[in-house]
Amino acid sequence: TEAETEAAKKDTYGPEEEWVVAGQWKLVVHSAEAVEYRNEFEETDPAEVVKITFSYENLGFEDDVQDLFLTPSSAIDANGNMGAFYPGNVETYVQPTPVGAKMNNAEEFFGLETVGDTIKVIFDTYDGNFNRQKAVFELPITK
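Quick look at the structure, then. In this numbering scheme, every chain counts its residues from 1 along its sequence in written order. It should be noted that, the model being predicted, local features are given only for residues of pLDDT at least 70 and side-chain atom pairs only at 80 or more, the latter also being counted only at that level, while totals for whole chains, interfaces and linings use all residues. Remark: hydrogens and water are excluded; side-chain values derive from all non-hydrogen atoms of the structure.

Looking now at the pairing of strand β7 (residues 102-112). For every residue, the accessible area obtained with a 1.4 Å probe (protein chains only) is divided by the maximum for its type, and the residue is called buried under 20%, exposed over 50%, and partly exposed between those limits. To qualify as a helix, a DSSP run of H or I must reach at least 4 residues; to qualify as a strand, a run of E must reach at least 2; elements of each kind are numbered from the N terminus. By the criterion of burial, β7 is predominantly enclosed, with eight of the eleven residues buried. With nine bridges joining them, strand β4 (residues 48-58) and β7 adopt antiparallel strand pairing. Bridge pairing links Glu57 to Lys102 in β7. For two strands to be treated as a pair, DSSP must find at least two bridges joining them. Strand direction decides the pairing type here: strand β6 (residues 84-85) and β7, joined by two bridges, are antiparallel. Bridging from a neighbouring strand, Ala84 pairs with Gly111 of β7.

Here β4 lies mainly inside the structure; eleven of its eleven residues are buried. Judged from the ten bridges that link them, strand β3 (residues 25-35) and β4 form a sheet pairing that is antiparallel. Its bridge partner lying in β4, Leu27 is registered against Tyr56.

Assignment of secondary structure puts Ser55 in strand β4. Given the relative accessible area of 11%, Ser55 is considered buried. Pairs of N or O atoms are called polar contacts if they sit within 3.5 Å, as long as, within protein, a hydrogen donor faces a hydrogen acceptor (for residues adjacent in sequence, only side-chain-to-side-chain pairs). Polar side-chain contacts of Ser55 include one of 2.6 Å to the side chain of His30. Side-chain polar atoms of Ser55 contact the backbone nitrogen of Asn105, separated by 2.8 Å.

Looking now at the packing of aromatic side chains. Aromatic ring pairs: the centre-centre distance and the angle between the two ring planes describe each pair. Stacked, tilted and edge-to-face are the three classes assigned to paired rings of Phe, Tyr and Trp, where Trp is represented by its six-membered ring and a pair needs centres within 6.5 Å; plane angles under 30 degrees give stacked, over 60 edge-to-face, the rest tilted. According to the stated counting rule, one finds seven aromatic pairs in the structure shown. What links up through ring pairs into an aromatic cluster is the set Tyr13, Trp19, Trp25, Phe54, Phe61, Phe123 and Phe137.

This next bit is on a negative patch on the surface. Every patch collects residues that have over 30% relative accessible area and no salt bridge, joining them within 9 Å if they carry like charges and within 5 Å if they are nonpolar side chains (Val, Leu, Ile, Met, Phe, Trp, Tyr). Using the Shrake-Rupley algorithm and a 1.4 Å probe, accessible areas are obtained, with residue cover drawn only from the displayed protein chains. Salt bridges are defined as contacts in which a side-chain nitrogen from Lys or Arg sits within 4 Å of a carboxyl oxygen from Asp or Glu. Charge convention: Lys and Arg are scored as positive, Asp and Glu as negative, and His as well as the terminal groups of each chain are ignored. Charged groups are reduced to one reference atom each: NZ for lysine, CZ for arginine, CG for aspartic acid, CD for glutamic acid. Where like charges cluster on the molecular surface, the negative patch consists of Glu62, Asp63, Asp64 and Asp67. By the element assignment, Asp63 lies in the loop between β4 and β5 (74-76). Residue class for Asp63 comes out partly exposed when judged on its relative accessible area of 34%.

The subject of this paragraph is the environment of Asp11. On the secondary structure map, Asp11 appears in the loop between α1 (2-8) and β1 (12-13). Separated by 125 residues in the primary sequence, Asp11 and Val136 have C-alpha atoms spaced 6.2 Å apart.

Phi is positive for Glu16, close to 70°, though the residue is something other than glycine. As for its placement among the helices and strands, Glu16 is situated in the loop between β1 and β2 (18-21). One non-glycine residue, Phe130, lies in positive phi territory at about 65°. Inspection of the secondary structure assignment puts Phe130 in the loop between β8 (118-126) and β9 (132-142).

Next up, the structure:
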């Protein structure tokens with residue numbers, strides 16, 4: 001249907017909105033939360049550290065190298081600056097996920113240059129058919 005086609009072309013998602021790549025995966029970003037935690041061994045000193053929590057289900061992604069492994073490729077702060085991966089206090093690490101399985105509440109941390117109310121989190125990866133798939137999640141940062 002036309003509605004399904006439009007949904008497939010959607011370029012920005014909000015919290016709890018599903019990004020579905022047909023026959024490959026379904027991904028939801030639950031939240032972006034500002035955290036006080038700072039890693040004592042990290043040399044950078046970001047203005048804000050944000051924990052991204054997300055879940056996905058492998059609907060049929062297969063690859064010779066490993067099972068489905070989705071994690072944000074980048075983040076952009078409210079002022080348009082690129083965030084950097086930050087060695088946060090992870091409780092649930094992303095794991096390669098076989099067909100039919102779910103990865104629930106995985107966490108990834110980003111250090112941001114500026115403190116803000118929103119963050120853009122980008123997932124950019126290839127599906128099992130070698131087609132590039134990309135989605136942007138625009139999320140409020142909970143404090």
